[in-house]
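This is what each chain is made of:
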Amino acid sequence: MAFAAQYPRITRTRRIEDLCGTWEFRFDPERDGERDGWAAHGLPDPIDMPVPASFNDVFTDKASREYYGDFWYAKCVFVPGEWESGNVDIRFDAATHRATVFVNGSEVASHEGGFTPFCAHLNGCVRWNDWNYVAVRVNNELTEHTLPAGGVATLRDGTRIAAPYFDFFNYAGLQRKVRLLSTPERRVAGIKTSVELIKNRAQVRYELDLEDAVGLRAEVVLVDGDGQPVADSQGEQGVLTVKDPRLWGLRRPYLYTLWARLYDGTELVDEWYDTLGLRTIEVSGRNILLNGRPVYLKGFGRHEDSPVHGRGFDPVVNKRDFELLKWMGANSFRTSHYPYSEEQLYEADREGFFVIDEVAAVGMLRSTKNFADAVTAPRGETYFDDPAVREKTLPAHIAAVQELVERDRNHACVCAWSLFNEPDFSSEAAVPYAQKVFDACLDADPQKRPRSYTNVTRCRAGIDKCTHLADFMMLNRYDGWYVCGGPRIEDAKAILIEEMHKWEELEPNKPFLFTEYGTDTMAGVHKLPSVMWSEEYQLEFFRAQHEVFDMFDWVVGEQPWNLCDFQTGEGVMRVDGNKKGAFTRDRQPKAIAFLLRDRWLRKLDYLD
Ligand code: GCB
């Protein structure tokens, strides 16, 4: 996947044509499309569909919004004749959850996983300097073995709808950008970097992924923010040494640009660049260290979610979210529960935010089948006891981790990998599975970043069998909401304190973060004394939580759930979505936003 993982750039040797905009669209409930040759002859009676966007919320009828199965996008694409001597690819930044691409009727690519990019290579099948019919069959179905995990519910009339094992709407479609890329045949397909700080020097170790580059000379140049070269090196791999580097810091970022070039003699064959922040990240004792300094993470679990666009890439909403985070005094977020768009990570690099980068391994807990059953489902065989999970889910999980790391490995903002959200690690059967996922991540990451997963309430201290694998612990806790809510909030606090004492004994050498805590709160509902769902209760809950966090100096971060209210499936636990946001879905503050802002503006980014 090397080239597909590389972020597209226009340079002296590369061109990009934007294929976003209106595409033809059509549902294919009976899977007629392939048999009837839609890819060659055109989609019958297509409607217009904007790209990027989730298809779901543009419709006014429920059947379309809830549609579950195959659906097609198609577009006529002009491929310039002058690109014939090089590579021509279409890059899909995301097709949720899987897609097969056809060009002029021939199948050219397919991809599993809805949140990482892939390319369709066009050279063998295009008409040069002419129009070409590009059709994409997408599918949004989930099983116990997909990431994320889910199932299907069949209505009495035979209609199939999604039964996700997770608490967010199963938005789908071509949700991110689509671009036509022209690159040289002999090209730089990617780069791996890692940074070491030694006294007043930074050493950047690099390794290029090259294609067809035998006999060519590779050169790498690091350029500072003023455009001045500060280090260079020759060869496919090497070390760049920067004297008196300007380091990338939390909310004080500094970015260099790394240029990779290929020459044939003196003739430039290819060039590509990426931004690079110089920083180190490690876990040491009970701290997370950035450039050797202990940090405190303040921020949120989030979703890529907004009205009408669904999970569709939206730079305006993304920008607003960064402005909200900055206003709050936050310095981090987690990409709960899937890889976010690459543009969000570049923005985090530029703004100096730490990102806990999460793979879409959510729903690996039997009791969250049909989310509303979470609290009542019987305990039985756990998810990881099922042999099919090892046979089918594990390879998909490893592939998803490898794709995520390959895409995001050079970002300064990525401080850690989250390899599971709330898995059922209560059984020993989970250990070999998790070990393999953790190993695959370590192998893939040249920077060897810390790895972790979020621990779920039902696998509290003493129950979870995989804590030894995590470099630091992430806790998702709802004591005071799902456990002992309302008038029992003091009991909830006592339960959490007891658990923290237990963790203190069980994991005395690890830093802990709270990566989820919160209460559903309807903006505008006020009550004295408080009741659950009121803004006053949300305030009470957060005050209680923070008192507990502040008792333990090995709690080195807090990321409430969620930055904003977000859409979920329908159910008795959700009022048009999950309402745990500090902000509403249209990005306006609830009272809790002011409490958090007040706390975070006083809490420093660094603990030393
Ligand atoms: C969780 C999940 C998150 C849910 C949240 C909630 O533990 O990780 O996806 O949205 O709880 O609000 O119940």
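Use the structure listed above.
The structure contained in this document is the topic of the report that follows. (Residues numbered from 1 in each chain as written. Predicted model: local features only at pLDDT ≥ 70, side-chain atom pairs only at ≥ 80, totals over all residues. Heavy atoms only, no water.)

### So, the packing of aromatic side chains
Taken as a whole, this structure holds 51 aromatic pairs when the rule is applied. A ring pair is formed by Phe300 and Trp600, whose centres lie 5.3 Å apart and whose planes are at 70°; its orientation type is edge-to-face. Of the two residues, Phe300 is situated in strand β23 (residues 297-301) and Trp600 in helix α10 (residues 591-602); the sequence distance between them amounts to 300 residues. Overall, the relative accessible area of 1% leaves Trp600 in the buried class. Taken together, a centroid distance of 5.5 Å and an interplanar angle of 90° make the contact between Trp327 and Phe594 edge-to-face. Of this pair, Trp327 sits in helix α4 (residues 315-328) while Phe594 sits in helix α10, and the two are 267 residues apart along the sequence. (Phe/Tyr/Trp six-rings, centres within 6.5 Å; stacked < 30°, edge-to-face > 60°. Helix = DSSP H or I, 4+ residues; strand = E, 2+ residues; numbered from the N terminus. Buried < 20%, exposed > 50% of the residue type's maximum accessible area, 1.4 Å probe, protein only.)

### What about the site of the ligand?
The environment of the ligand is formed by 14 residues, the closest being Asp167, His337, Glu422, Tyr482 and Lys580. Separating an oxygen atom of the ligand from a side-chain N or O atom of Glu516 is a distance of 2.7 Å. Between an oxygen atom of the ligand and a side-chain N or O atom of Asn578, the distance comes to 2.8 Å. For the ligand, the protein covers 95% of the area, taking 320 Å² as the surface of the free molecule. Considering only residue class, the shell around the ligand consists of five nonpolar, four polar and five charged. (Near = heavy atom within 4 Å. Polar contact = N/O pair within 3.5 Å; in protein donor to acceptor, adjacent residues only side chain to side chain. Areas by Shrake-Rupley, 256 points an atom, 1.4 Å probe, with all protein chains shown as cover. Nonpolar A, V, L, I, M, F, W, Y, C, P; charged D, E, K, R; others polar.)

### What about the environment of Ala120?
Inspection of the secondary structure assignment puts Ala120 in strand β8 (residues 118-121). When its relative accessible area of 0% is taken as the criterion, Ala120 is described as buried. Placed 96 residues apart in sequence, Ala120 and Glu24 show a C-alpha to C-alpha distance of 19 Å. If near-sequence neighbours (up to four positions away) are discounted, Ala120 is found in contact with Val88, Asp89, Ile90, Val101, Val108 and Ala109. (Contact = heavy atoms within 4.5 Å.)

### Observations regarding the packing of α4 against helix α5 (residues 342-351)
Where α4 contacts α5, the two axes come as close as 11 Å, and the packing angle between them is 35°. Crossing of α4 against α5: the hand is right-handed. Of α5, the residues touching α4 (which contributes Asn318, Lys319, Phe322, Glu323 and Lys326) are Gln344, Glu347, Ala348 and Glu351. For the contact of α4 with α5, the per-class residue count stands at two nonpolar, two polar and five charged. (Axes fitted to C-alpha atoms, helices over the stretch in contact; angles between N-to-C directions. Left-handed = near helix turned anticlockwise from the far one by under 90°.)

### Brief notes about the sheet that holds strand β26 (residues 414-421)
An order of β23-β24-β25-β26-β27-β28-β29-β30 is seen for the eight strands of this closed barrel, with the pairing classed as parallel. In this sheet, neighbouring strand axes are inclined to one another by 30° on average, regardless of whether the strands run parallel or antiparallel. Pairing of strand β28 (residues 473-476) with strand β29 (residues 512-516) involves four bridges; the strand directions are parallel. By the bridge assignment, Met473 is partnered in β29 with Phe512. Against the sheet, α10 contacts β23 and β30 (555-558), and its axis sits at roughly 150° relative to β23. (Pairing = 2+ DSSP bridges.)

### Description of the pairing of strand β14 (residues 201-211)
Direction of pairing for strand β13 (residues 187-198) relative to β14: antiparallel, over a ladder of 11 bridges. Its bridge partner lying in β14, Ser194 is registered against Arg205. As paired strands, β14 and strand β17 (residues 237-243) are joined by seven bridges and run antiparallel to one another. Residue pairing across strands places Arg201 opposite Lys243, the latter belonging to β17.

### Topic: the packing of helix α9 (residues 535-549) against α10
A pair of packed helices is captured by two measures, namely the crossing angle of their axes and the spacing between those axes. One can describe the packing of α9 onto α10 by two numbers: an axis separation of 8 Å at closest approach and a directional angle of 25°. For the element pair α9 / α10, the angle class is roughly parallel. Crossing handedness for the pair α9 and α10: right-handed. Of the residues in α10, those touching α9 at Glu535, Gln538, Leu539, Phe542, Arg543, His546 and Phe549 are Ala591, Ile592, Leu595, Leu596 and Arg599. Residue composition of the contact of α9 with α10, by class: seven nonpolar, two polar and three charged. (Parallel < 35°, antiparallel > 145°, perpendicular 65-115°, else oblique.)

### Side note on unusual backbone geometry
Note that the residue after Thr96, namely His97, is joined by a cis bond; omega there is 0°. Note on placement: His97 falls in the loop between β5 (87-92) and β6 (98-103). Omega for the peptide link from Leu528 to Pro529 comes to -10°, which places this bond in the cis form. Within the fold, Pro529 resides in the loop between β29 and α9.

### Here's the deal with the side chain of Thr584
As for its placement among the helices and strands, Thr584 is situated in the loop between β30 and α10. Once residues lying within four places of it in the same chain are set aside, the contact partners of Thr584 are Ala523, Cys564, Asp565 and Lys590.

### Here's the deal with the pattern of salt bridges
According to the stated counting rule, one finds 57 salt bridges in the structure shown. When the shortest N-O distance is used, the salt bridge between Arg334 and Glu358 registers 2.7 Å. Here the residue Arg334 occupies a position in strand β24 (residues 332-334), and Glu358 occupies one in strand β25 (residues 354-358), the gap between them amounting to 24 residues. Comparing Arg334 with Glu358 shows no difference in burial state: the two are buried. When the shortest N-O distance is used, the salt bridge between Asp598 and Arg602 registers 3.4 Å. Taken together, the residues Asp598 and Arg602, both in helix α10 and four residues apart, mark about one turn of the helix. What makes Asp598 partly exposed here is its relative accessible area of 46%. The class of Arg602 is exposed, set by a relative accessible area of 61%. (Salt bridge = Lys/Arg side-chain N within 4 Å of Asp/Glu carboxyl O.)

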